[in-house]
Amino acid sequence: MHRLLYVHVFLCCLSMAHPFCPSQCTCVFHGRTDGTGTRSVLCNDPDMSDIPVNVPVDTVKLRIEKTAARRIPTEAFYYLVELRYLWITYNSITSVDTGSFYNLKVLHELRLDGNMISIFPWESLKEMPRLRTLDLHNNRLTNVPTEAIPYLLNITYLDLSSNKLTTLPSDLMDIWPPFNGAPISTNASQKIVLGLQDNPWFCDCKISKLIEISKMADTTVVLMDLFLTCSGPENLAGVLFQRAELDNCIKPSVMTSATKITSPLGSNVLLRCDVTGSPTPTLYWAKSDGSLVNNTVQESPGEGIRWSIMSLTGILYKDAGNYSCKAKNVAGNAEATISLSVAGTISTTIPPVRSSIGTAQTSQGTTFTPPTDIPNSSSIMSTVVPRTSTTLSAVPKKPKTTPSNGLQKGSFKQTKIQPGSNGRKLAADEKSKKSYASKSVKDLKIVEETTDSAVLLWTADGLPNDAPLTVVYSPYGEDDIKRTEETNAGSGKMLLEGLSSGMRYSVCLIAKGSDAGKDPCIDFYTLENVEDGGQNHLFIIISGIACALVLPLIALLLYKILALYCKGSNTALDEEELEKESYVKFETISMKQRTLNSHPTELWARRPTHESERMLLCSRSSIDSQMTYKSDSSRSEYLC
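Residues numbered from 1 in each chain as written. Predicted model: local features only at pLDDT ≥ 70, side-chain atom pairs only at ≥ 80, totals over all residues. Heavy atoms only, no water.

K.L.:
Can you help me understand the overall build of the protein chain in this one?
P.N.:
Broken down by element type, the protein chain carries five helices and 33 strands. A burial count over the protein chain gives 32% of its 640 residues as buried. Only carbon and sulfur atoms are counted for the fraction: they give 55% of the accessible area of the protein chain, which is about 40000 Å². (Helix = DSSP H or I, 4+ residues; strand = E, 2+ residues; numbered from the N terminus. Buried < 20%, exposed > 50% of the residue type's maximum accessible area, 1.4 Å probe, protein only. Areas by Shrake-Rupley, 256 points an atom, 1.4 Å probe, with all protein chains shown as cover.)

This is how it looks when you write it as structure tokens:
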């Protein structure tokens, strides 16, 4: 019974393993003379409503075209481990599950064009590590999320044309040259083909990199259609990408307070950088190994401006290195690097060992140096902590300790003093340093200043001619950009070149073994540029001539205005006076009627003034302006 059961199971498995073709599909085996071959399956029955699941497991190419299928279920192709080409084109697909392409490890080409897909599971691409071709054109995609970018790194053919895309993530173009920093290759096999035409693009800063690529003549990214067109905003509607000029879209520009900083061991350091751009960029700090630095503060005082400060407290040797200030906005990226060096070392002395030889003197000491992983640079000044040397003789007595101070430049070296006569050499060196320390240079002065150079003079006060001197000079108050020159005390002068015109400089002369802080220093100014001075002088002359010509005209104009004003006032006054002086009051005189009892002398009578004035307007005079008496009843004549 058990044997019959085993035989039945074996036959079932054998029947399942034997390849067979789905009823609504066509299977073709492409054989070779050696007995091997590949199988391709074509399913194009219009009545097919589901994705077939009984496809032969050795299928290499599967085409499902022009069917009524609406969904690609989970693990629909789980058993097709040899599938390399999957075309599901011009169907009615609206839904694609996240696990639809599970276990397709060798799939090279995926085409889903001509469907109605509005949301594509981009994370499903991680199940297809060898995928190079992705065709999604003629669908209903509205956006490509930022989360999809890591899954598109290996894609060399991406077709998103004829969708409803209005924008793309600004970081999408950063995975391809030239924005990823890789050099532009002319090899055709390394080209990236993008299909982005026939989409309603909104041309703003988010797709500025895409617009920039469309304007490049030679680039690794090749567009299927070079004549991409803006659909918005209104002022750019219908404008080609090659001619589009975006407003308020400026790449970041990063500026740092210094490029190299040397700080003593255990000190606190502040590093600052400023950035401008539109839209306002974001800032972050990173070390040379790519790790982010958290102890930072930043602020944006206005639109398009941001600054950031990174603080390091109690720096150690491990803090030395390069720190990058990186800025980013949708228009692009930028960064600036500051190199930090840590100066200083720790010295100690190994306890002396007593010698069994009679009067022989021994001296032994070791100087510990910083770790070797600290970057060496000629610009790093390292200060050595005072070293103590101990000398002992065989006779039992207290050891005599002699301290000495020194300045060490360049890289640290490990030294070991051998016993014997080298002790005398050390003593001679210490004596030489003391003698140098007691003598110095004097009469430090600057002569022959020009716009870009100056001559430094000094007098050696007891120093030998071959005594080394170091000239340190920099712009006043800018100690981080000091320049040094080596010379000797006997030369007495040095030419300082490469200076800027019209600036204040500080210069110090440092002698070997001199006390710290007692080196002679002097400040001086370089001359102004003659051409600038001449232009200023010419401008002053022209301004003076213009003023000399314009001022008289202004004075004459003011005089004319005042004269007209005064004349108008006088005219009004004269008219008023004339009216007062020339006014004549008219009166009418008429004859009285004769009566018997009246006085003969009163022949005239005066009429009221208002009546005389009225009659004056309508009176008529005689021809000879005389009045003739005719009779008592004669009409009156009027005279003035």
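K.L.:
I'm lost on the confidence of the model for the protein chain in this one. Help?
P.N.:
Detailed reading of the predicted coordinates is not advisable wherever pLDDT is low. For the protein chain, per-residue confidence averages 76 on the pLDDT scale, and 68% of positions sit at 70 or higher. A low-confidence stretch, residues 10-18 (pLDDT under 50), is modelled with zero contacts involving residues beyond four sequence positions or located in other chains. Taken as a whole, residues 581-589 scores under 50 in pLDDT and shows 18 contacts with residues more than four places along the chain or in a different chain. (pLDDT = per-residue confidence, 0-100. Contact = heavy atoms within 4.5 Å.)

K.L.:
Just to check I follow, could you spell out the packing of aromatic side chains for this structure?
P.N.:
By convention here, two paired aromatic rings are described through the distance between centres and the angle between planes. Using the criterion set out here, one finds four aromatic pairs in the structure. On the basis of an interplanar angle of 5 degrees and a centroid distance of 5.7 Å, the ring pair of Tyr-78 and Tyr-102 is categorised as stacked. In this pair, Tyr-78 sits in the loop between strand E4 (71-72) and strand E5 (85-89) while Tyr-102 sits in the loop between strand E6 (95-96) and strand E7 (109-111), placing the two residues 24 residues apart along the sequence. The class of Tyr-78 is partly exposed, set by a relative accessible area of 31%. What makes Tyr-102 partly exposed here is its relative accessible area of 34%. Ring plane angle 15 degrees and centroid distance 5.8 Å describe the contact between Tyr-505 and Phe-524, whose orientation is recorded as stacked. Highlighted residues: Tyr-505 in strand E30 (residues 504-511) and Phe-524 in strand E31 (residues 521-525), separated in sequence by 19 residues. (Phe/Tyr/Trp six-rings, centres within 6.5 Å; stacked < 30°, edge-to-face > 60°.)

K.L.:
How should the sheet that holds E7 be read in this particular structure?
P.N.:
Sheets are built from strands that pair by backbone hydrogen bonding, the pairs being arranged parallel or antiparallel. Strand order in the open sheet formed by nine strands is E1-E2-E3-E5-E7-E8-E9-E10-E12, with mixed pairing between adjacent strands. Every other strand in the sheet has two partners, leaving strand E1 (26-31) and strand E12 (221-223) as the edge strands with one partner each. Averaged over all adjacent pairs, the angle separating strand axes in this sheet is 10 degrees, with direction ignored. Examined bridge by bridge, strand E2 (residues 37-43) and strand E3 (residues 59-65) share five bridges and lie parallel to one another. Bridged to Leu-42 within E3 is Arg-63. (Pairing = 2+ DSSP bridges. Axes fitted to C-alpha atoms, helices over the stretch in contact; angles between N-to-C directions.)

K.L.:
Honestly, the sheet that holds strand E18 (residues 296-302) in this entry has me stumped. Any pointers?
P.N.:
Pairing within the open sheet is antiparallel, and its four strands lie in the order E14-E16-E19-E18. Strand pairing shows two members of the sheet lacking a second neighbour, strand E14 (250-256) and E18, which therefore form its edges. Each strand axis lies, on average, 20 degrees off the axis of its neighbour in the sheet, ignoring direction. Across five bridges, E18 lies against strand E19 (residues 305-312) in antiparallel orientation. Looking at E19, one finds that Gln-298 is bridged to Ser-308.

K.L.:
Explanation requested: the state of the cysteines in the structure shown.
P.N.:
By definition, a disulfide links the sulfur atoms of two cysteines through a covalent bond. Tallied over the full model, the rule gives six disulfides. Linked covalently through their sulfurs, Cys-205 and Cys-249 form a disulfide whose S-S length is 2.1 Å. Across the S-S bond linking Cys-205 and Cys-249, the dihedral sits near 80 degrees, which makes this disulfide right-handed. Of the two residues, Cys-205 sits in the loop between strand E11 (201-202) and helix H2 (208-214) while Cys-249 sits in the loop between strand E13 (230-232) and E14, which places them 44 residues apart along the sequence. Accessibility expressed as a relative area gives 9% for Cys-205, which makes it buried. Listing the disulfide partners of the protein chain by sequence rank of the bonded cysteines yields 1-3, 2-4, 5-7, 6-8, 9-10, 11-12. (Disulfide = S-S within 2.5 Å.)

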